[in-house]
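Residue-level structural notes
So the chains spell out like this:
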Amino acid sequence: MVVIDPRHLRPSAALRVINATRRADVLTDRALRLNMNRGGLRVGDGQHLDLIRYGAWVFAERQKPRTPTAPNPVGGESAYERHRDRMAGVQADQSRRGREIGPIPPVVDPARRAEGEGSLRRFCEIYFPARFFRAWSPDHIKVLARMEDVIRNGGLFAIAMPRGSGKTSIVEVAVIFALVFGFRKYVALIGATEPKAEQMLDSIKIELQNNDLLLEDFPEVCFPIRKLERVTQRARAQMTGGHHTFMAWEKKEVVLPTVIDSRASGGRIEVAGLTGAIRGMKFTRANGAVERPDLVIPDDPQTDESAKSESQCNQREGLIKGAVLGLGGPGVRISGFMPCTIIEPDDMAARILDRKRNPIWQGERMQLVYRWAEGKKAEQLWETYRERRNQSFENGGKGETSDAHYKKNRKAMDAGALVAWEERKEPGELSALQHAWNIRIDRGDRAFFAEYQNDPLPAIEANADDLKPDEIASKVNGLGRADLPVDASALTMFIDVQQKALFWLIAAWAPDFTGSIVDYGTWPDQPADNYRLSEIRRTIARAIPKSSVEGGIYEALVKLCGEQLRREFKAANGATLKVSRCLVDANWGRSTEVVYQFARQGEWAGIVSPSHGKYYGASSLPFAEHKPLPGERIGYRWRIPPSTGRRAVRYVLFDTNWWKSFVADRMRVSVGDRGSLSLWGSPRTTHQMFAEHMTSERRIPVEARGRKVDEWRIKQPGLDNHFLDCIVGAAVAASVLGIATNAKDGDRTFARKRVRLSDLQSRKRMGVA
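Criteria and thresholds
- Residues numbered from 1 in each chain as written.
- Predicted model: local features only at pLDDT ≥ 70, side-chain atom pairs only at ≥ 80, totals over all residues.
- Heavy atoms only, no water.
- Buried < 20%, exposed > 50% of the residue type's maximum accessible area, 1.4 Å probe, protein only.
- Helix = DSSP H or I, 4+ residues; strand = E, 2+ residues; numbered from the N terminus.
- Pairing = 2+ DSSP bridges.
- Axes fitted to C-alpha atoms, helices over the stretch in contact; angles between N-to-C directions.
- Parallel < 35°, antiparallel > 145°, perpendicular 65-115°, else oblique.
- Contact = heavy atoms within 4.5 Å.
- Polar contact = N/O pair within 3.5 Å; in protein donor to acceptor, adjacent residues only side chain to side chain.
- Expected span 1.5 Å × (residues − 1).
- Core = buried A, V, L, I, M, F, W, Y, C linked by side-chain atoms within 4.5 Å.

Notes on the pairing of strand β21 (residues 579-585)
- Within β21, 6 of the 7 residues are buried, which leaves the element mostly enclosed by the surrounding structure.
- Bridge count between strand β16 (residues 490-497) and β21: 5 bridges; the pairing is parallel. In the strand pairing of β21, M493 is matched with C582.
- Note that β21 and strand β22 (residues 608-614) share 4 bridges and pair parallel. In the strand pairing of β22, L583 is matched with S609.

This is how it looks when you write it as structure tokens:
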């Protein structure tokens, strides 16, 4: 049993004793300490309480007469507490007034608002002139009408428009149109990923927050949003006219303010990713009503990666048909429109747009160009336009020569063409057709036909027996490094120019195009056997300090060519060879002028030539149909145009796709057989990095315009392919030297021709190899 001294208790013990009695009220710790302070030494020593003296003091205090202003002596409020409560009331009143934004301003222009309500097209033109400043195309008018019909009357609509046609802007404005007029109450924005959907919601929020025209004519929506002053936490407590607006202004959801007599009250937008948690979207309003989405917008609901995967396409198509269309709840048919882009043939978007497979979506495919210029002449003129545009940019221009060519031949180049949007052109362009061709040339046929034509080029998957890195690394011929095969008749070199380093390769060639790679490497030389360009530490900048990028590349070329072009390579029979032709990649923008300057002024001007690999796809004008220029030399899918302009040096232009296929075929030939391509060394020699470069790209046969062409594409971003470029360039250089094979190019078979001595002397005077 614990014995306590009632004359010497700690406050906590005294509190337990007092509250253990049958008092009507409970004494709090705060009230006890307040009484101890007021009783002072009459009730204890400040640290301990004398319970008997405390009881006497309380009894005496309760006998005193009370006044209205006097505090409750035991357990009541003090003057401080009453002051505190009074100030709390003042602060609450101030807070209430701070949350009160005042009355909603009147509509500035009711007639303008009524005109906007009558048509989605007019709504876009009136309230978003900065977005829609060009005249509409027939396709735009059709899309606006279909979207408006879905918003007002329901239904589904899928649309594929060319990139840059304003598709996303139209969708965003359509969401605002649907909500501010109360046509729809709950919009679900579904993106390929959740961050993509959030980006669209951010754009809508910016318009509602900053568009002055919307503020003037839709004050019941935009005035409360402006009053947030970008402080989203204010939305929870905001009031107007003494009534809460129940607004939300979050990253993933927006709830428009609830205002008396506003059709937009409580309009909601919610975002989600297609593969995220989209099932069960619903919202309980302040009055207890549960609402589900009544308008769904799957915006570009596939990614580049998912479009290439049949399983992912199947998964996303299933989500669209199941989870997305089921958002309205049991027995409710939801409305929606789906803007999309066809990335690959028969991807998810292509399936939804196919009216036979998914008629409920009533899909529409729209294109930038519905019909190209007709006739062989127009085709050749546009191919000349392509070449002149590329050459202009290679030489530091801006397409002036191609523009002049189009201006001169426009009638023939436009003949029979039909574009979707005549207004779509950039400053300096004469027509929408020229604009389309510029995009096609600059971005390539594969991207153009997918993103601007919604008709991606068909592709056949690469063969299952593609060469593997180990197979290439094992294609060794037993020779030592830098040793020549006894049948070698020429040595060629190629240099791939990068900002950090120069990749180079030297190959020996027999007259029948049997090849042997005798040496390869980088400058500066690297200490490791296997490395990536992004990871190397011995760079040009470190080897040649205090120089610009261009100056460093020039000096690196001087040093590398000085080292390699002076070398003598020996065969087992004692024969020796030096490099006869060296091509240098001049495609990288910052190095182009440097390479031309080096080829023109350097010590090795008679051996070194700039080169440009050009991509000829299935839809390009075939290389064989190129019209030769006066003085131009043509060979196996390469040509050497005459020197013109300020560079005054001839370069080699070659078809990269054709020559990559040529080299890949040589790698398939067994070592020792005619036409094979092998590496120096023994089975123990490590060529792993070289083999990885060689297999960094995939050959894909593509059919277009009635012909089948190999197109080479990088397997995944970030892979190094520099030694692949080097062996391809070395093979081109061998062909330039006259090394021949039985390859055919269309109907033309290339073979070594007999030339007269006078022709050779004439070429030498003209500077032609």
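So, next bit.
Things to note about the packing of helix α9 (residues 194-210) against helix α11 (residues 219-227)
- Closest axis-to-axis distance for the α9/α11 pair is 8 Å, and the angle between their directions is 95 degrees. By the angle class used here, α9 and α11 are roughly perpendicular. Across the interface between the two elements, L208, Q209 and N210 of α9 pack against V221, C222, I225 and R226 of α11.

Remarks on the environment of R230
- Relative to the assigned elements, R230 resides in the loop between α11 and β3 (239-240).
- R230 gets classed as exposed once you look at its relative accessible area, which sits at 60%.
- Separated by 19 residues in the primary sequence, R230 and W249 have C-alpha atoms spaced 9.4 Å apart.
- Look past the residues within four positions of R230 in its chain and what remains in contact with it is Q209 and N210.
- Here N210 takes part through its side chain, which lies 3.3 Å from a polar atom of the side chain of R230.

Here's the deal with the sheet that holds strand β1 (residues 156-160)
- An order of β5-β6-β7-β2-β10-β11-β1-β12 is seen for the 8 strands of this open sheet, with the pairing classed as mixed. Whereas interior strands pair on both sides, the edge strands pair on one side only; in this sheet they are β5 (248-249) and β12 (364-365).
- Strand direction decides the pairing type here: β1 and strand β11 (residues 335-340), joined by 5 bridges, are parallel. Its bridge partner being in β11, A160 is matched across the sheet by C340.
- Taken strand by strand, helix α7 (residues 138-153) contacts β1, β10 (295-299), β11 and β12, and its axis lies near 155 degrees from that of β1.
- Contacts from helix α8 (residues 167-180) reach β2 (186-191), β7 (268-273), β10 and β11, with the element oriented near 165 degrees to β11.

Topic: the sheet that holds strand β20 (residues 576-577)
- Strand order in the open sheet formed by 3 strands is β15-β19-β20, and the pairing between neighbours is mixed. Only two strands of the sheet have a single partner each, and these edge strands are β15 (483-484) and β20.
- As judged from the 2 bridges shared by β15 and strand β19 (residues 569-571), these two strands associate in the parallel manner. Considered in β19, the bridge of L484 is made with A571.

Observations concerning α8
- Over its 14 residues, α8 extends 20 Å from the first C-alpha to the last, a length consistent with the 20 Å expected when each residue adds 1.5 Å.
- Where burial is concerned, most of α8 is hidden: 12 out of the 14 residues are buried.
- Listed in full, the buried residues belonging to α8 are K167, I170, V171, E172, V173, A174, V175, I176, F177, A178, L179 and V180.
- Of the residues one or two after α8, G182 is the one with positive phi, at around 75 degrees.

Quick look at the nonpolar core
- Core analysis: the biggest nonpolar cluster contains 52 residues, and F123, M147, L189, L208, L214, V221 and F337 have the highest contact counts within it.
- The greatest single-element share of this core, amounting to 10 residues, is contributed by α8.
- Excluding residues that lie within four positions of it along the chain, L189 makes contacts with V175, A197, M200, L201, I204, I269, E270, V271, A272 and I297.
- If you look at the next biggest cluster of nonpolar residues, it comprises 47 residues, including I536, M694, V736 and I739.

Here we look at the environment of L15
- Turning to its location among the elements, L15 is positioned in helix α1 (residues 11-19).
- Separated by 14 residues in sequence, L15 and D29 place their C-alpha atoms 6.9 Å apart.
- Among all residues touching L15, those that are not within four sequence positions of it are L27, T28, D29 and L32.

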